Structures are given as structure tokens and as C-alpha cells.
Amino acid sequence: MRAALAGLAAFGCATAMAAVTPNDAGIISDDDSASIQNAVDRAVATGDEVVIPAVNARTGKAGWEIVRTILLPSGATVIIENATLTVAKGVYANFFRSANTFTDKGRTIEGEMRDIRIIGHGCAVLSGGEANDLNESTQRKDGRPSTRCNTPILMVNVRDFLVSGLRIEDQRYWGMCFNFCRFGTIRDIRFVARYDRRNQDGINLRNGCHDILVENISGQTGDDLIALSGIDSLRDESPWSIVVKGRSPDIHHIRLNNISGAASRHPLVTIRNHDGVKVYNVAMSGISDTEFGDSALHMDEPRYCAILIGCNLYWKTRRSQMGETYGITVRDLDCSYSEEGVVIGCTLKDSHFSGLRCRGRCRTAVTTAGPEWESPGAQIENVTIENAQVTSDRDGAAIVDFRLGSKRDYVKDTLVVNSSLEHKGVRTQVARDVVDRVWQPSDSVRTNAVPPEVAAHFGVSVIDDDHLLVRPTPVPGKHLEGFVPVPLGFVWVELDEDKLIICTPTHTHVSFRGKEHDKSSGVFEFH
């Protein structure tokens, strides 16, 4: 990790500091958030650290209620000592946020903060409490802030940071979010989410993050356990912008070690990048999927893969191109509960996967056939898969399954080495196989051409090889605002008694006749 690990090692051997607590005289305030903020401000000024103990002197009880975000400046160290912090009902607030976030200075190179640490000792809990009404469809409306304000820990434009030793329960949105952060460590984190609210990712490393170590992460989430997402808009000029001008949006030099858990309906580890953002030099080792705990909802629903590298959704101006996702290594994957081991989408180059053990529910070690709602296929160059072992009785079981969904897809200079498949008692061994293939008309999986009457009546048209567009059209008595881009391969569209029906499992937002429609998945009907 270059200079990152050397710098971070200093965290473990720093000289002991004195402690300021939110229970100290002159620190206690009218609410717990104010008390903790007072402690942070005092500690930073004196060079000390903050310790939040289990018992709250203001209330005389165990636990702390967060009613507004605690802002952490450079040099802040907060230790949560066997304490539980719970965000208050109806509040829109992070537990902790870098103090520069959502500020003009914080969006500049000069506004970078450093040396922020959040450390849990013993049973240190951040609890999301009851869900509120802030989500991706309600954010920035009617006085609500960005939905990132529902994230327990939010850091933007920070270097030399540490987050460790926390249990995060029922987060209201992503568990942790980092944008344009570098030279950091996130370790020893456990998530306990029941998936009773939207987008309960675990850890999000987004645009501009690099040289970060993530290790010893476990538990269950309602979305990706760990997501490397280079899909944020770089043109966001709103007050909630998290873009740092002058910094590269690329994500690189990330290490993920010892990651285990269950992600409802989603992968454990996801890489998504489009619109020119690169993701490269990402090393994963010790990845394993597990069963859900008893408290999880939707625990019986399919988890489509353990690791997703690239996808054919979420792009705004253009897809990721060949050479923008590369240098991805996966070593020691144990997959039993997900539908697939590794799914490759869009593009991947110069990467290496080894020690893939797939059994139980898992069908393939590596495939381009993602979830049923996403168009399959990818462009793949110079990828090696070795020591993969697949043991499955499922139909279609294979070591690799490279489906090509459109004319742009191909597989080139890809090796399968020393791998095996045991399917219904029959064992197949592959010593060395070179995969090179291009798309053929017989590879097409599209089954739902847009009906002409739908196109004429509602203004539906094909905009590229994979998407259709529902757009405004001067049809008497009809009014459709905006557009709906949806993947063609796994979406059906039909006209039924003067009604347009679109079924899409992707997140879609539609405004129709003055009414807003926003769903993670489902059926939209336009009359």
C-alpha cells in the first residue's frame, strides 16, 4: 500500500493522550450531541482524545442520543468505550462527519483534513434506531438534506484516518461513506442490519478514494457489504456536493482482507465505475459469504454473487471503457450462499483470480451472467482464473460462464488454469484453457422487442444496444414527463387496454401526470 501502511502504523504506537469525556464539568450541555461536540472541541484544542463512556452523566443512564451530527476536525480522536450511541427518532444526522464536508473549503485541495480517528473499545455500538423518511427519492425535497446525512460515518477530503472496533446496527442508509479520502484504515467492523430500510450498504469507498486498507469486516447488510463506487456525478454544484475540485476521481490501491458476511439481494463486494472514472489496483483476499442471522428480513432471497466487478447500469454520460477497470486480484474466495462467485460486467483487464471455492448454492466461479435484471456480457482482456473449484448440482454449473450480451462484448487472452468442476457426481479437470471469443448473433438474449403500438402511443424508442427510452410524446390525453432508461434484456414492456406497463427491477424514477413514482424495483403503469 505504498506509504499508506507505514503512516498508519503510527496510529498503533502513538504516545498515550489524556482524555476528555462528555461527562466532564464544563462539557455537559443541554443534549448529548452538544456534550460530545464540546468534548471534541476541547480535546482538539488541548491535543487530547475524547472518550465516550457507557454511562451518560447528564441522564444518569447508559447510552447517548444523537440529535445532530458531531463534526470532527483534523486531529480529532474519538474513543467509544463500551457505549451505545443511537440517532434520535425523526432526525436527519450522521453520528460523525468530517467538519469540512458540505463546505466550500472542503471542496478544495487546500481544505483537506487529516488525522481523524474513530475507535471502538469493547461493545461500541452505533444504532440507527427507527427509520426516518429520508431516502434517495425524498432527499433535497421539502427541506430534507442529502440522503448521505443518514450515514452513520461520513468523511470527505480526509487523509490519514482510522475507523475501527465498531458495531453498526440498523443503519438508516450506508453504514460508512468516504469520498476523496486517502491513506486510511477501516478495520474490525461488524454490521447488523435487518434490511427493513433502503440501501443499507456497509462501507462505501467512492470517487477519489485511494491507498486504503479495509480488513476484518463481518455481519449482514441490506445492500453491498463493501462497495467501491466510481459513479458519483462530477458536475454536482449543489450545497450537498461532495466533489473535491482538482482531485482525481479514480479509485485505486485498495486492499480488502478477511471480509465475511451476508448482503441481502446484493454482493459482498462490488466495484462499479462509469463516466471516465477508473478503478485499478484493488486486492481482495479472504472473502467468504455466510448465512443470515435470525433477525434479517429477505434472508431467503437470492444473493446473486459474492463479488461483482463492473456493471452495465448506473452510467450517466457513458459506460466504463476498456482499460478503466484493471489490476483487480481476488485470492481465497469461499462462496456457498450466493448464486455466483465472481460476476464481471462492462469491462475488465489485466486481472487475476485464484483460490475460488464455490459450492452449495453457487453455480459458477466466474461469469458474465449477472442478476436476471441486468443485461449480461462484458469486455474482458488478459484475465487469469486459477485453482478454481466448483462443486454444484445446479443446472448450468461451470467453472466459467462467459455470456456475451451485445456486439461490443468479447473475451480475449483469458486463461483458466488448474481448475475443476464436480457436477452431479461427474468431475471435470481443466489444466489449462485459453478463452477467446466474440459476440455472435446466437448469443443474443434479448426477448422483448418494443411493441410498435407502444412506441407509437407512448413514445418509446431504443436509444442504444441495451436500453429503451420512454419519453414525452404529444399523445392526446397523455402526459409523461422525463424519461425512463431501462435495460432491454430483462425488462418487459406491453400495452394493455390503453395502459403502458414497464417492469424493471432497477431503481427507477418516473414523473407521470404530476405524480412521482420511485421504486427500487417493480411495475410501473401509465394510463
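To be clear, the structure that these remarks concern was listed above.
These notes cover the structure that comes with them. (Residues numbered from 1 in each chain as written. Predicted model: local features only at pLDDT ≥ 70, side-chain atom pairs only at ≥ 80, totals over all residues. Heavy atoms only, no water.)

1. As for the state of the cysteines
Every disulfide links exactly two cysteines, by a covalent bond between their sulfur atoms. Overall, the coordinates contain zero disulfides when judged by the stated rule. Unpaired in this structure, C346 has its nearest cysteine sulfur neighbour in C311, at a distance of 7.2 Å. According to the relative accessible area criterion, C346 is buried, its value standing at 6%. Note on C358: no disulfide assigned, nearest cysteine sulfur contributed by C362 at a separation of 3.8 Å. (Disulfide = S-S within 2.5 Å. Buried < 20%, exposed > 50% of the residue type's maximum accessible area, 1.4 Å probe, protein only.)

2. Things to note about the sheet that holds strand β26 (residues 364-367)
Sheet strands associate in pairs through backbone hydrogen bonding, adopting either a parallel or an antiparallel arrangement. Reading across from one edge, β6-β9-β12-β14-β16-β18-β20-β22-β24-β26-β28 is the order of the eleven strands in this open sheet, with parallel pairing throughout. A single partner strand is all that each edge strand has here, and the edge strands are β6 (70-72) and β28 (398-401). Ignoring which end each strand starts from, the neighbouring axes of this sheet average 15° apart. When strand β22 (residues 307-309) meets strand β24 (residues 342-344), the two strands line up parallel, connected through three bridges. Bridge pairing in β24 places L308 opposite V343. (Pairing = 2+ DSSP bridges. Helix = DSSP H or I, 4+ residues; strand = E, 2+ residues; numbered from the N terminus. Axes fitted to C-alpha atoms, helices over the stretch in contact; angles between N-to-C directions.)

3. A short note on the side chain of N204
Topologically, N204 is positioned in strand β16 (residues 203-206). Judged by its relative accessible area of 1%, N204 is buried. A polar side-chain atom of N204 sits 2.6 Å from a polar atom in the side chain of R206. Once residues within four sequence positions are removed from consideration, N204 is found in contact with W174, M176, C177, F178, A227 and S229. (Polar contact = N/O pair within 3.5 Å; in protein donor to acceptor, adjacent residues only side chain to side chain. Contact = heavy atoms within 4.5 Å.)

4. So, the packing of aromatic side chains
Both the distance between ring centres and the angle between the ring planes are used here to describe each pair of aromatic rings. In total, this model carries four aromatic pairs according to the counting rule given. With 4.4 Å between their ring centres and 25° between their planes, Y173 and W174 make a pair best called stacked. For the pair shown, Y173 and W174 are each scored as buried. Seen from their ring centres, Y280 and Y326 are 5.0 Å apart, and the 5° between their planes marks the pair as stacked. Note that Y280 is positioned in strand β21 (residues 279-289) and Y326 in strand β23 (residues 325-335), a separation of 46 residues in sequence. (Phe/Tyr/Trp six-rings, centres within 6.5 Å; stacked < 30°, edge-to-face > 60°.)

5. Examining the pairing of strand β27 (residues 378-391)
Sheet analysis places strand β25 (residues 346-358) next to β27, joined by eleven bridges and oriented parallel. Bridged to K349 within β27 is E381. The sheet contact formed by β27 and strand β29 (residues 410-423) spans nine bridges and is parallel. Within β29, the position partnered with T391 by the bridge is E422.

6. Re the pattern of salt bridges
Scanning all chains against the criterion turns up 27 salt bridges. For D170, the salt bridge identified is with R194, shortest N-O distance 3.2 Å. Within this pair, whereas D170 is found in the loop between β13 (158-169) and β14 (176-179), its partner R194 is found in the loop between β15 (182-192) and β16, the two being separated by 24 residues in sequence. One continuous salt-bridge network, built from bridges that share partners, spans R114, D115, R159 and D160. (Salt bridge = Lys/Arg side-chain N within 4 Å of Asp/Glu carboxyl O.)

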